[in-house]
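The chain contents come next:
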Amino acid sequence: KAGLILDYKTTTDAYPSNWLRTAMKLGADIQASFYLRAMQTIKPGINWKFVFVVQEVEAPFAISFVGADPSLVELGDRKIDYAIPKFAECLKTGFWPAYDTRINWAGPPAYSVAEWDSRAFARLPSGEAE
């Protein structure tokens, strides 16, 4: 047996890789993992799949379907398996870790540099090197 979990999301950019970059910051992997765990508990014996239905909020209201592949779900599982005992420990000890108080120097992410370089390279006259 197979089962499908659909989760509808709205966005300004439904292009799958762009949306996923944003969604991962919001815990899409954790959400998919929790939903799958819940459905496997409620209805065991079914091969559940999780798919985000992503639609843009402006015309022409483009839509994409972004399925949670096993590696995304496995990452969510690892985060959950870490967080549950950590949360219990914090409740027990009353100690809640916070951000580092040192200055954290921020460099550009590799994808930002690569995106800029590809745009800059595209503007060079044919055959010319930097």
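Refer to the structure printed above.
A short tour of the structure in this document, coming up. Note that this is a predicted model, so its numbers are computed, not measured. (Residues numbered from 1 in each chain as written. Predicted model: local features only at pLDDT ≥ 70, side-chain atom pairs only at ≥ 80, totals over all residues. Heavy atoms only, no water.)

Quick word on the side chain of Thr11
Consideration 1: Position of Thr11 among the secondary structure elements: in strand β1 (residues 2-11).
Consideration 2: Judged by relative accessible area, Thr11 falls into the buried class, the value being 15%.
Consideration 3: Engagement of the side chain of Thr11 in a polar contact is seen with the backbone nitrogen of Asp13, the distance being 3.2 Å.
Consideration 4: Residues within four places of Thr11 in sequence aside, it is in contact with Trp19, Val54, Gln55, Glu56 and Val57. (Helix = DSSP H or I, 4+ residues; strand = E, 2+ residues; numbered from the N terminus. Buried < 20%, exposed > 50% of the residue type's maximum accessible area, 1.4 Å probe, protein only. Polar contact = N/O pair within 3.5 Å; in protein donor to acceptor, adjacent residues only side chain to side chain. Contact = heavy atoms within 4.5 Å.)

Quick word on the pattern of salt bridges
A side chain of one charge can pair with a side chain of the opposite charge when the charged atoms of the two come close.
Consideration 1: This model, assessed by the stated rule, comprises seven salt bridges.
Consideration 2: Two residues, Arg37 and Asp81, come together in a salt bridge whose shortest N-O distance is 2.9 Å. Taken together, the positions of Arg37 in helix α2 (residues 28-42) and Asp81 in helix α3 (residues 70-93) put the pair 44 residues apart, joining distant regions of the chain. (Salt bridge = Lys/Arg side-chain N within 4 Å of Asp/Glu carboxyl O.)

Some details on a nonpolar patch on the surface
Consideration 1: Together, Phe87, Leu91 and Trp96 make up an exposed nonpolar region whose accessible area comes to about 350 Å².
Consideration 2: Relative to the helices and strands, Trp96 is located in the loop between α3 and α4 (110-122). (Patch = residues over 30% accessible without salt bridge, like charges linked within 9 Å, V, L, I, M, F, W, Y side chains within 5 Å. Areas by Shrake-Rupley, 256 points an atom, 1.4 Å probe, with all protein chains shown as cover.)

Digging into α3
Consideration 1: If you check α3, its first and last C-alpha atoms are 35 Å apart, about what 24 residues at 1.5 Å a residue would give, namely 34 Å.
Consideration 2: Among the residues making up α3, those that are buried are Leu72, Val73, Gly76, Ile80 and Cys90.
Consideration 3: If you follow the buried residues of α3, they end up packed against α1 (16-25) and α2.
Consideration 4: Following α3 by one or two positions, Gly94 has its phi on the positive side, about 80 degrees. (Expected span 1.5 Å × (residues − 1).)

Regarding the side chain of Glu56
Consideration 1: Secondary-structure assignment places Glu56 in strand β2 (residues 47-56).
Consideration 2: Salt bridges are absent for the buried Glu56, whose nearest opposite-charge side chain, Arg119, sits at 14 Å.
Consideration 3: Among the polar contacts made by the side chain of Glu56, one reaches the main-chain amide nitrogen of Ala14 at a distance of 2.9 Å.
Consideration 4: In this structure Glu56 touches Thr11, Thr12, Asp13, Ala14, Tyr15, Phe61 and Ala62, once residues within four positions along its chain are discounted. (Lys, Arg positive; Asp, Glu negative; His and termini not counted.)

Things to note about the environment of Leu36
Consideration 1: Turning to its location among the elements, Leu36 is positioned in helix α2.
Consideration 2: According to the relative accessible area criterion, Leu36 is buried, its value standing at 8%.
Consideration 3: Residues Leu36 and Leu26 lie ten residues apart in sequence; the distance between their C-alpha atoms is 17 Å.
Consideration 4: Every residue in contact with Leu36, bar those within four places of it in the chain, is listed here: Ile5, Trp48, Lys49, Phe50 and Val73.

Observations regarding the nonpolar core
Consideration 1: Membership of the largest hydrophobic core comes to 15 residues, with the highest contact counts inside it found for Trp19, Leu36, Phe50, Phe52, Val54 and Ala68.
Consideration 2: Listed by contribution, the elements that provide at least two residues to this core are α1, α2, β2 and α3. (Core = buried A, V, L, I, M, F, W, Y, C linked by side-chain atoms within 4.5 Å.)

Some points on the sheet that holds strand β3 (residues 63-67)
Consideration 1: A sheet is described by the order of its strands in space; here three strands give the open sequence β1-β2-β3, paired in mixed fashion. The open sheet has two free edges, formed respectively by β1 and β3, since each of these has just one partner strand. Strand-to-strand twist in this sheet, taken as the mean axis angle between neighbours without regard to direction, amounts to 25 degrees.
Consideration 2: Of the pairings in the sheet, the one linking β1 to β2 comprises ten bridges and is parallel in character. By the bridge assignment for β2, Ile5 is matched with Phe50. (Pairing = 2+ DSSP bridges. Axes fitted to C-alpha atoms, helices over the stretch in contact; angles between N-to-C directions.)

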